[in-house]
Amino acid sequence: MLWQGRSIRKSTGGRYHSAQGKKRFEIGRSPADTVIGTTRTRIIRTRGGNSKIRALRAEFASVSDRKTGITKKVAIEKVEANSANPNYVRRNLLTKGAIIKTEIGRAQIVSRPSQDGTVNAVLIE
């Protein structure tokens, strides 16, 4: 299980002596690792009874052209670059900031597929 509480170590390398143990609300979840494929989503219950839609696989992206202001739903062909991690390109993982190749050209993802459940992108070329 992932824990997203405060670290035991300070930035100097010293130790924090915690007054409390790990709490339930500090638990994190495993990453969605959204890949290219037939669209598949999952609804996750979050704190306060709210929900997130996780995209596990995505086939299409809503690509906007800034010059004309037109948005089209186009198929994603492959991931060309990802500044978050070079290994994500090999695995075709879709994350915010990734550059994807589509039918109408290269586009950069501006949404967070693992948080929003959709892939929104802006045309680069």
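Our structure's up above, just so we're on the same page.
So, here's what we can say about the structure. Quick caveat, the model's predicted, so the values are computed rather than measured.

Rules used throughout
Residues numbered from 1 in each chain as written. Predicted model: local features only at pLDDT ≥ 70, side-chain atom pairs only at ≥ 80, totals over all residues. Heavy atoms only, no water. Pairing = 2+ DSSP bridges. Helix = DSSP H or I, 4+ residues; strand = E, 2+ residues; numbered from the N terminus. Axes fitted to C-alpha atoms, helices over the stretch in contact; angles between N-to-C directions. Core = buried A, V, L, I, M, F, W, Y, C linked by side-chain atoms within 4.5 Å. Buried < 20%, exposed > 50% of the residue type's maximum accessible area, 1.4 Å probe, protein only. Contact = heavy atoms within 4.5 Å. Polar contact = N/O pair within 3.5 Å; in protein donor to acceptor, adjacent residues only side chain to side chain.

**Considerations on the sheet that holds strand 8 (residues 99-102)**
Turning to step 1, where the next piece is worked out: The strand order 6-7-8-9-10 describes a closed barrel built from five strands, whose pairing is mixed. In this sheet, adjacent strand axes meet at a mean angle of 50 degrees when their direction is disregarded.
Turning to step 2, where the next piece is worked out: Bridge count between strand 6 (residues 60-65) and strand 7 (residues 70-81): six bridges; the pairing is antiparallel. Bridging across to strand 7, serine 64 finds its partner in threonine 71.

**Things to note about the nonpolar core**
Inside soluble globular proteins, nonpolar side chains tend to come together where they are buried.
Turning to step 1, where the next piece is worked out: Counting residues in hydrophobic clusters, the biggest one holds 14 residues, and the most contacted among them are Ala61, Val63, Ile76, Leu94, Ile100, Ile109 and Val119.
Turning to step 2, where the next piece is worked out: Here this core takes three residues from strand 7, the largest share from any one element.
Turning to step 3, where the next piece is worked out: Those residues in contact with valine 63, other than ones at most four positions away along the chain, are Ile70, Thr71, Lys72, Val74, Thr102, Ile104, Ala107, Ala121, Val122 and Leu123.

**Describing the environment of arginine 106**
Turning to step 1, where the next piece is worked out: Summarising the element assignment, arginine 106 is placed in strand 9 (residues 105-109).
Turning to step 2, where the next piece is worked out: In sequence terms arginine 106 and valine 63 are 43 residues apart; their C-alpha atoms lie 9.6 Å from each other.
Turning to step 3, where the next piece is worked out: For arginine 106, the contacting residues outside a window of four places in its chain are Glu80, Ile99, Ile100, Val122, Leu123, Ile124 and Glu125.
Turning to step 4, where the next piece is worked out: Separated by 2.7 Å, the side chains of arginine 106 and glutamate 80 make a polar contact.

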